[in-house]
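Coordinate analysis (summary)
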Amino acid sequence: MSHFRALVGVLRVGGSRWLQGSGVGTAWRWAGGRRRCSSEAAPLLPAVAGSSSYVEEMYFAWLEDHTNVHQSWDAYFRSMQASGPSGETGEGRPSTLLQGRALSQAPGMAQKVVEDHLAVHTLIRAYQIRGHHVAQLDPLGILEADLDSFVPSDLITSIDKLGFYGLDESDLDKRFRLPSTTFIGGGETTLPLTEIIRRLEAVYCGHVGVEFMFINNVKQCQWIRQKFETPGIMRFTNAEKRTLLARLVRSTRFEDFLARKWSSEKRFGLEGCEVLIPALKTIIDKSSAAGIESVIMGMPHRGRLNVLANVIRKDLDQIFCQFDPKLEAADEGSGDVKYHLGMYHERINRETGKDMTLSLMANPSHLEAVDPVVQGKAKAEQFYRGDAQGKKVMSILIHGDAAFAGQGVVYETIHLSELPSYTTHGTIHVVVNNQIGFTTDPRMARSSPYPTDVARVVNAPIFHVNADDPEAVMYVCQVAAEWRSTFNKDVVIDLVCYRRFGHNEMDEPMFTQPLMYKQIRRQEHVLKKYSDKLIGEGVVTLQEFEEEVAKYDKICEEEYASSKDEKILHIRHWLDSPWPDFFTAEGEPRSSSYPPTGLEEEVLLHIGQAASSVPLEGFNVHPGVSRILRGRADLVKSRQVDWALGEYLAFGSLLRDGIHVRLSGQDVERGTFSHRHHVLHDQEVDRHFCVPMNHLWPDQAPYTVCNSSLSEYGVLGFELGFAMASPNALILWEAQFGDFHNTAQCIIDQFISPGQAKWVRNNGIVLLLPHGMEGMGPEHSSARPERFLQMSKDDPDHFPEFVGDFEVQQLCECNWIVVNCSTPANYCHVLRRQILLPFRKPLIIFTPKSLLRHPDARSSFDDLAKDTKFKRLIPDESPASQSPGQVKRLVFCTGKVYYELARERKRLNLEADVAIVRLEQISPFPFDLVRTEVEKYGEAELVWCQEEHKNMGYYDYVRPRFLTVVANKKPIWYVGRDPAAATATGNKSTHLNELKRFMDTAFNLSAFQGRNF
Ligand SMILES: Cc1ncc(C[n+]2csc(CCOP(=O)(O)OP(=O)(O)O)c2C)c(N)n1
Ligand SMILES: [Mg+2]
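Criteria and cut-off values
Every chain's residues receive numbers from 1 upward, in the order its sequence appears when written. To read the labels, note that chains go from A and ligands from 1, taken in the order they are written. Only residues with pLDDT of at least 70 get local features here, since the model is predicted, and only at 80 or more are side-chain atom pairs given and counted; chain-wide, interface and lining totals rely on the full set of residues. To get the side-chain values, all heavy atoms of the structure are used, and hydrogens and water are removed first. In DSSP terms, a helix is any run of H or I states spanning at least four residues, a strand is any run of E spanning at least two, and both are numbered starting from the N terminus. Burial classification: accessible surface area is computed with a 1.4 Å probe over protein chains only, and a residue below 20% of its type maximum counts as buried, one above 50% as exposed, and the rest as partly exposed. Contacts: residue pairs with any heavy atoms within 4.5 Å of one another. The method behind every accessible area is Shrake-Rupley, applied with a 1.4 Å probe, and residues are considered shielded solely by the protein chains displayed. At least two DSSP bridges between two strands are required for those strands to pair. Between the N-to-C directions of two axes lies an angle of 0 to 180 degrees, each axis being a line fitted to C-alpha atoms and, for a helix, fitted only over the stretch in contact. Whenever Lys or Arg places a side-chain nitrogen within 4 Å of a carboxyl oxygen from Asp or Glu, that contact is recorded as a salt bridge. Each metal site is built from N, O and S donor atoms within 2.8 Å (3.2 Å for Na, K and Ca), and since water is not included, such sites may look incomplete. Only heavy atoms are used to decide nearness, and a residue is near a molecule or strand if one of them lies within 4 Å of it. Polar contact is the term for a pair of N or O atoms within 3.5 Å; when the atoms are in protein, one must be able to donate a hydrogen and the other to accept it, and sequence-neighboring residues count only if both atoms are side-chain atoms. Here the expected span of a helix is defined as 1.5 Å times the quantity of residues minus one. Of all possible arcs, the one meant is that of the directions from the helix axis to the C-beta atoms. Under the pairing criterion, centres of Phe, Tyr and Trp rings, with the six-membered ring standing for Trp, must be within 6.5 Å; the plane angle then separates stacked pairs below 30 degrees from edge-to-face pairs above 60, leaving the rest tilted. Lining residues are those with an atom within 4 Å of a point, where the points come from a 1 Å grid over the protein atoms alone and group into cavities, where a 1.4 Å probe fits but cannot get out, or pockets, open sets with protein on both sides within 12 Å along at least five of seven lines. Grid points are joined across faces, edges and corners, and a volume is the space filled by probe spheres set on the points. Only Asp, Glu, Lys and Arg are considered charged in this grouping, and only Ala, Val, Leu, Ile, Met, Phe, Trp, Tyr, Cys and Pro are considered nonpolar; every other residue, Gly among them, is considered polar. Crossings are assigned a handedness: left-handed for a near helix turned anticlockwise from the far helix by less than a right angle, right-handed for a clockwise turn. The quantity known as pLDDT measures the predictor's confidence residue by residue, on a range of 0 to 100. Here the angle decides the label: under 35 degrees means roughly parallel, over 145 means roughly antiparallel, 65 to 115 means roughly perpendicular, and every other value means oblique.

What to know about the overall build of the protein chain
Each helix and strand counted, the protein chain has 34 helices and 30 strands in total. In terms of overall dimensions, the protein chain has C-alpha extents of about 125 × 75 × 55 Å along its principal axes. The burial tally for the protein chain puts 60% of its 1013 residues in the buried class. Restricting the contact set of the protein chain to residue pairs at least 6 apart, pairs at least 24 apart contribute 80%. About 40,100 Å² of surface is accessible on the protein chain, with carbon and sulfur atoms providing 51% of the total.

Considerations on the sheet that holds strand 30 (residues 972-977)
Spatial ordering of the open sheet is given by 25-27-26-29-30, a layout of 5 strands whose pairing is mixed. Where the open sheet ends on each side, the last strands, each with one partner, are strand 25 (873-874) and strand 30. Sheet topology places strand 26 (residues 889-893) next to strand 27 (residues 914-919); 5 bridges connect them, and they run parallel. Paired with phenylalanine 892 across the two strands is valine 917, which belongs to strand 27. On the sheet, helix 32 (residues 927-936) packs against strand 25, strand 26, strand 27 and strand 29 (941-949) and is oriented at approximately 160° with respect to strand 26. Here helix 33 (residues 955-965) sits on the sheet in contact with strand 26, strand 27, strand 29 and strand 30, set at roughly 165° to strand 30.

With respect to the pairing of strand 5 (residues 208-211)
What you see with strand 5 is no split at all: Val208 and Val210 on one side and Gly209 and Glu211 on the other are buried throughout. When strand 5 meets strand 12 (residues 462-466), the two strands line up antiparallel, connected through 4 bridges. Bridge pairing links glycine 209 to histidine 464 in strand 12.

Remarks on the pattern of salt bridges
Inspection of every chain in the model, using the stated rule, returns 57 salt bridges. One salt bridge in this structure joins arginine 656 and glutamate 600, with 3.7 Å as the shortest N-O distance. In this pair, arginine 656 sits in helix 23 (residues 643-656) while glutamate 600 sits in the loop between strand 14 (568-569) and helix 21 (601-611), placing the two residues 56 residues apart along the sequence. Residue arginine 656 is classed as partly exposed on the basis of its relative accessible area of 28%. A residue is classified by how much of its surface remains accessible, and glutamate 600, at 26% relative accessible area, is partly exposed. Ionic pairing is found between arginine 961 and aspartate 794, a salt bridge with its closest N-O pair at 3.1 Å. Placement of the pair is arginine 961 in helix 33 and aspartate 794 in the loop between helix 27 (785-790) and helix 28 (806-813), with a sequence separation of 167 residues. According to the relative accessible area criterion, aspartate 794 is buried, its value standing at 17%. What you see here is one network of salt bridges that share partners, running through Arg175, Glu188, Glu195, Arg198 and Arg199.

Examining the coordination of the magnesium ion (ligand 2)
Six octahedral donors at a metal ideally form angles of 90 or 180 degrees, and four tetrahedral donors ideally form angles of 109.5 degrees. For the magnesium ion (ligand 2), every protein donor is listed as Asp401 (OD), Asn434 (OD1) and Ile436 (O), and the spread of their distances is 2.0 Å. Going along the chain, you hit the donors of the magnesium ion (ligand 2) in the pattern D-x32-N-x1-I. One exposure class covers both asparagine 434 and isoleucine 436, and it is buried.

Focus on the site of ligand 1
Around ligand 1 lies a shell of 15 residues, among which Arg302, Asp401, Ala402, Ala403 and Asn434 are the nearest. Note that a nitrogen atom of ligand 1 is positioned 3.2 Å from one of the backbone N or O atoms of leucine 367. Within the side chain of asparagine 434, an N or O atom sits 2.9 Å from an oxygen atom of ligand 1. A total of 580 Å² of accessible area belongs to ligand 1 in isolation, and the protein chains cover 74% of it.

Observations concerning helix 22 (residues 623-637)
Residue pairs three or four apart in sequence face the same way in an α-helix, which turns once every 3.6 residues. The end-to-end C-alpha distance of helix 22 is 21 Å, a good match for the 21 Å that 15 residues give at a rise of 1.5 Å each. Gly624, Val625, Leu629, Arg632, Leu635 and Val636 are the residues of helix 22 that are buried. The buried side chains of helix 22 occupy one side of the element, clustering within an arc of 140° when seen end-on. Every exposed residue of helix 22 that faces more than 90 degrees away from the buried side is listed here: Pro623, Arg627 and Lys637. A positive phi of about 55° marks arginine 639, the residue just after helix 22.

Topic: the environment of arginine 125
Along the chain, arginine 125 turns up in helix 6 (residues 107-130). Between the C-alpha atom of arginine 125 and that of valine 430, which follows or precedes it by 305 residues, the distance is 27 Å.

Observations regarding the packing of aromatic side chains
By the definition in use, this model includes 40 aromatic pairs. Plain terms: the ring middles of tryptophan 579 and phenylalanine 583 are 6.1 Å apart, the flat faces sit at 10° to each other, and that makes the pair stacked. Like tryptophan 579, the residue phenylalanine 583 is buried in the burial classification. Taken together, a centroid distance of 5.0 Å and an interplanar angle of 5° make the contact between tryptophan 973 and phenylalanine 1008 stacked. One end of the pair, tryptophan 973, is in strand 30; the other, phenylalanine 1008, is in the segment after helix 34 (988-1003), with 35 residues separating them in the sequence.

Overview of helix 32
All of the buried residues along helix 32 are Phe927, Asp928, Val930, Glu933 and Val934. Packing partners of the buried residues in helix 32 comprise helix 28, strand 25, strand 26, strand 27, strand 29 and helix 33.

Topic: the layout of surface pockets
Considered as a void within the structure, the second largest pocket measures approximately 650 Å³ in volume. Along its surface, the second largest pocket is lined by 31 residues, and Arg572, Gly587, Gln756, Val760 and Asn762 are the ones closest to its centre. Put simply, the parts of the chain that give the lining of the second largest pocket at least two residues each are helix 26 (755-759) and helix 28. When the residues that make up the lining of the second largest pocket are grouped by side-chain class, the tally is 13 nonpolar, 10 polar and 8 charged.

Quick notes on the packing of helix 32 against helix 33
Two numbers describe how helix 32 lies on helix 33: the axes approach to 10 Å, and their chain directions differ by 65°. As for how helix 32 packs across helix 33, the hand of that crossing is right-handed. Here Phe927, Val930, Arg931 and Val934 of helix 32 lie close against helix 33, whose contacting residues are Arg961, Phe962, Thr964 and Val965. Looking at the contact of helix 32 with helix 33 residue by residue, the classes come out as 5 nonpolar, 1 polar and 2 charged.

Side note on the confidence of the model for the protein chain
Keep in mind that low pLDDT regions are not for reading the predicted coordinates in detail. For the protein chain, per-residue confidence averages 90 on the pLDDT scale, and residues scoring 70 or more make up 91% of the total. pLDDT under 50 marks residues 4-51. Its contacts with residues more than four places away, or in other chains, come to 77 contacts.

Focus: the packing of helix 9 (residues 238-261) against helix 19 (residues 526-537)
As a packed pair, helix 9 and helix 19 sit with axes 10 Å apart at the nearest point and diverge in direction by 155°. As the angle between them shows, helix 9 and helix 19 are arranged roughly antiparallel. Here helix 9 and helix 19 pass one another in a crossing that is left-handed. Contacts between helix 9 and helix 19 involve Lys241, Leu244, Leu245, Leu248, Val249 and Thr252 from the former and Val526, Leu527, Tyr530, Ser531, Leu534 and Glu537 from the latter. Of the residues contributing to the contact of helix 9 with helix 19, the split by class is 8 nonpolar, 2 polar and 2 charged.

Topic: the sheet that holds strand 22 (residues 817-819)
The pairing of strands in a sheet comes from backbone hydrogen bonds and takes either a parallel or an antiparallel form. As summarised here, the arrangement of the 7 strands in space is 19-16-20-21-23-22-28, forming an open sheet in which the pairing is mixed. Every other strand in the sheet has two partners, leaving strand 19 (703-707) and strand 28 (921-923) as the edge strands with one partner each. In this sheet, adjacent strand axes meet at a mean angle of 20° when their direction is disregarded. As paired elements, strand 21 (residues 766-770) and strand 23 (residues 843-847) share 5 bridges and run parallel to each other. Paired with leucine 768 across the bridge in strand 23 is isoleucine 845.

Set out below in structure tokens:
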């Protein structure tokens, strides 16, 4: 029951007695920080003298109607009028009357007036700030949504609490002027205190708890106050109520239908939060009316099938057939459980008559992992539509209460919300707050009062709402959608609800939440409550309601019948990001040929020159950067390419072909190793930048390079989502050091590696992972190639048949491509190949650090010429290759260690005895090229050399594949660091000793003599 309803009852009884005792001469003063009543009249304070305008206002109000003011004022003005000089009547200036003589006669009263007003203003503010703490949010009526039964001392929940403000019962009927920071007055500028409290209670302590006063923007606070405080604002037409009821019917009966048909199937039903469906539909309707054309959604398990059916409008038979255990999958890949699949649907919004695209992103079980992915996809759609303000495309994220509070990626995602290159211009977050996470109570699951507190960091308003009050829910959804379209900022709707059954339909909740579930059993269904209400109001008849229910049940039955006709399951029909122009109608690549990646000389020159100059007149570049640019110009003159230039050539040439390139990650604009400098900073003018890559050709595609927030999980997820929107874009994420990618492991394990197998979805994201053992310690050395390789799905024991274009075929079949390029030309080729292939696969590149400036790690323009291509393997080019029969040892390696091996071989004068072959594409493993090399050096012993520790790097991946190539007839000896727990030593001299030791072994031609394998 409302606190105030109880309070008003008490006040009415005792009120008159109190009022009799209130005298004009009674004054208030501060005593020990608390206000106490005193019978002494205090001297008139200077501030009070200036308060005559208020007294004037009271006076004018009194002139209009004596009952407009409190009876004490009435008595006061009467007495003054009676004692006033002749001619000073009611029409005279009260300021003269009051200031000159009368006010000074009653200084204590004036002071009290001011103090009481201050008190009332403070009281109003208290409700605005803390009202939500006592709002009636829990539909079960047994839990506190903020985990605390404490009632803030400044909310008036009993008479004696008026004393907190120095007020008492006698003030209840007094009228107070309302501050400009409240809208509770509607058209009135003053209200009696009773009414002020009543209205505040209704606005802030009812079924909606508005949490917004932390927002540091006055305009936004005023906007929210106006939306909730204006009297009568939360009203719905009968038509709106009927639509709401019909949506609730669908939501409820859908779950009932599934429960009836498949009582022992897990479906993570929505029971207890059926209102989610009308809530989402309201958000979508309002957003459509505001001009939104595409909504991208992400959500966890709970209620997902219902959202697919009743929000996205996936055909019901397609959903029902997912429950058929005998249905076979038509598509290749391993598929996913039904409550993870995504969906994309174009339809007309019935409320607005406008076209809309709705998509729900497929997601893994890993809660909240999809959040940044949704954001990235939304950002990309906005970008490609030229929707710079987010007026056409928006995202909605649905969360569970436990996950929203507990998962760090929520924070990482929310922190992207205002960054220029990552903002989606406002996300509407909806929390299905069933006040439980599996078996864990909120008290054990979070330290914050609400599960939504994380959103406060970005000044997002949070609307807590009792989910058993569908109209209140609809209202906050409308406001949230309006907020988003007005301010283009995030907003949170916290649907405080319950979970009618266990975590899933097979689970027994009474084991762990016995009392809560006893209450839940007694809890009337929201549909019943709302239909009764509308029938009571005469908005619908019982018969109309029953017809609505019967109509939907019939639809379900019919769809169920037709679902039986489905013989095959097409995961393809559940794609959240279809690329219709890229694939054939059957979803196949349009070609199977290898794309040319070489470039014309003039293109190389043009990009090379642009990479070494500043396109803007009068732009003041740092002398160090000028030096770098001059160095590039010298390289171009000598037709040479270093790492940075190789990357420039790849990006620039793709931009020319209309391919958008986006490079994102920590400090990528300059480059962690200061080699890139894609954004130039004017040294004289603040925030004056230049991105020369955007000045290559007049009609080129745009280049985006953006330093990200210091996040891996969030930002990698975001870029993955960005890469989903279009196949015609090269989207790259660079880790600061490859070592840090593991804080984004979930995105790699759950989306990048298995994405296509689970969801038949291609994705061409590129991961640039700086890698290399250079004595920088255990966290700046390894991008952990072993992890990526272990997840590569090519069979180590199967020697493939080389039919057709084996190279393309292998790429088409793999789950991702893992490369470690040792030359800038190869790096350039592999980036170009990535986007020119007729399909998309994630590409993992271990990128160099010291090689960025290594004089040997250069390529010639010739290596990028028209007829050149990416080399999956670089054969030996030393004298050994001229007389392979003489070669005693064939060393395979990858990446930077090649340069160390080549230098040592030269120093030891072993160039005729030892051949060194570089594996540039590690996965899929180039069986064909490796076999050629092994056969060429038929007499040589095989060695795999890596700088990483034996249990890391590439060894475990390449060893069985080499053995397959040689049909297990020959060993492949290991040369490298010993097994270790840490990826690298922190001690420089140990690092060098380790390097020397394995280099010695690599060229000790008798090292493996007599050893068994
Ligand atoms: C990252 C992650 N950790 C743990 C789980 C296992 N898990 C599945 S549902 C669930 C409880 C989720 O609670 P909540 O977010 O409140 O959603 P609800 O199920 O109550 O709707 C847990 C712990 C998971 N799916 N993902
Ligand atoms: Mg929950």
